[in-house]
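The residues making up each chain are set out below.
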Amino acid sequence: APHVLFRWGDTLAEFPDWAIYTPKSVTPELLALDLDGDGAAEPVVSCFQGGKQVSLYDLHVLQQSNGTLTDYRFPESLYEEQLSDLLTLGGSGETLAISLGSQSIEAALPEGMRAEALEHLWTGAFVSWLEDGGSLWLEDRPALYPADSNLGSVVSLAVLSARVSFSDGQFILSDMTLQSNLS
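Rules used in this analysis
- Residues numbered from 1 in each chain as written.
- Predicted model: local features only at pLDDT ≥ 70, side-chain atom pairs only at ≥ 80, totals over all residues.
- Heavy atoms only, no water.
- Buried < 20%, exposed > 50% of the residue type's maximum accessible area, 1.4 Å probe, protein only.
- Helix = DSSP H or I, 4+ residues; strand = E, 2+ residues; numbered from the N terminus.
- Arc of directions from axis to C-beta.
- Contact = heavy atoms within 4.5 Å.
- Pairing = 2+ DSSP bridges.
- Axes fitted to C-alpha atoms, helices over the stretch in contact; angles between N-to-C directions.
- Salt bridge = Lys/Arg side-chain N within 4 Å of Asp/Glu carboxyl O.
- Phe/Tyr/Trp six-rings, centres within 6.5 Å; stacked < 30°, edge-to-face > 60°.
- Lys, Arg positive; Asp, Glu negative; His and termini not counted.
- Polar contact = N/O pair within 3.5 Å; in protein donor to acceptor, adjacent residues only side chain to side chain.

A short note on helix α1 (residues 76-86)
- Restricting attention to buried positions, one finds in α1 the residues Leu-78, Tyr-79, Leu-83 and Ser-84. The buried side chains of α1 occupy one side of the element, clustering within an arc of 165° when seen end-on.
- Buried residues along α1 sit against β7 (87-92), β10 (127-132), β11 (135-140), β12 (158-167) and β13 (170-180).

This is the structure:
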């Protein structure tokens, strides 16, 4: 069975549940970041998960205590449900207004789609993790639901970013920004 054997300092641990074998054979990205603010870097591992018409990366933060490494996996519900719930949709006709708090953008919908018919966007379809200046950022590209769009491919309309921190086994998203995905 596939598994990961991970060494951090003098600690060696096996993680049998990590999915690292993907159709594209994307190598996991390893980072050492202080996500909990205690002054010590934790191992952070981003693993490509793939999928049909999606791009997903699993995130694992490992914490060392008494010679044991404990794996904390970023819960998909944070971006699949909670981020989606933070987005407000409006607009009319083929112009969709997307808001996140006081931030708002407009996006042109594909022909035949109407803003009034959309209840929410699909978050969690395009998730990646970026390191910037010692901070970790989640980047999600909210998209039209494939069933709603009747298109051959997924249409991403925005880029939602959030700083990721970690405390007491819990992930926290903050400093969220919303930008247009259109050039």
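Some thoughts on unusual backbone geometry
- Residues other than glycine seldom take positive phi values, yet Asn-66 does so here, at roughly 50°.
- Take Asn-66: it is sitting in the loop between β5 (57-65) and β6 (68-73).

Describing the sheet that holds β12
- Judged by pairing direction, the sheet is antiparallel, and its 4 strands sit side by side in the order β10-β11-β12-β13 without closing on themselves. In this open sheet, the two edge strands, each paired with only one partner strand, are β10 and β13. Taken pair by pair, the neighbouring strands of this sheet meet at an average axis angle of 30°, ignoring direction.
- Across 6 bridges, the pairing between β10 and β11 is antiparallel. Its bridge partner lying in β11, Leu-130 is registered against Trp-137.

So, the pattern of salt bridges
- Going through the model one piece at a time under the given rule, you end up with 5 salt bridges.
- Across the pair Arg-141 and Glu-139 runs a salt bridge, and its minimum N-O distance is 3.1 Å.
- Taken together, the shared-partner salt bridges connect Asp-58, Arg-73 and Glu-76 into one network.

Concerning the sheet that holds strand β4 (residues 42-48)
- Read from one edge to the other, the open sheet built from 4 strands follows the order β3-β4-β5-β6, with strand pairing classed as antiparallel. One side of each edge strand has no neighbouring strand; the edge strands of this open sheet are β3 (29-33) and β6. Sheet twist, expressed as the mean angle between neighbouring strand axes with direction ignored, is 25°.
- Pairing of β4 with β5, which is carried by 5 bridges, proceeds in the antiparallel orientation. Directly across from Val-44, in β5, lies its bridge partner Val-61.

Side note on the packing of aromatic side chains
- Counting across every chain of the model gives 4 aromatic pairs.
- Ring centres of Phe-74 and Phe-171 lie 5.0 Å apart, and the angle between their planes is 65°; this geometry places the pair in the edge-to-face category. With Phe-74 in the loop between β6 and α1 and Phe-171 in strand β13, this residue pair connects regions lying 97 residues apart in the sequence. Taken as a pair, Phe-74 and Phe-171 share a single burial class, namely buried.

Overview of the side chain of Asp-140
- Relative to the helices and strands, Asp-140 resides in strand β11.
- For Asp-140, which is buried and forms no salt bridge, the nearest opposite charge comes from Arg-141, at a distance of 7.7 Å.
- In terms of polar contacts, Asp-140 uses its side chain to reach the backbone amide nitrogen of Gly-124, at 3.0 Å.
- Not counting the four nearest positions on each side in its chain, Asp-140 is found in contact with Tyr-79, Leu-83, Thr-123, Gly-124, Ala-125, Phe-126, Val-127, Ala-158, Val-159 and Leu-160.

Observations regarding the pairing of β7
- Relative to strand β8 (residues 95-100), β7 is paired through 6 bridges, and the arrangement is antiparallel. Its bridge partner lying in β8, Leu-89 is registered against Ile-98.
- A loop of 2 residues connects β7 with β8, the two strands running antiparallel in sequence, and Gly-93 in this loop sits at a positive phi of about 60°.

Some details on the pairing of β13
- The sheet contact formed by β12 and β13 spans 9 bridges and is antiparallel. Within β13, the position partnered with Val-159 by the bridge is Gln-179.
- In this structure, the hairpin formed by β12 and β13 is closed by a connection of 2 residues, where Asp-168 is found at a positive phi of approximately 50°.

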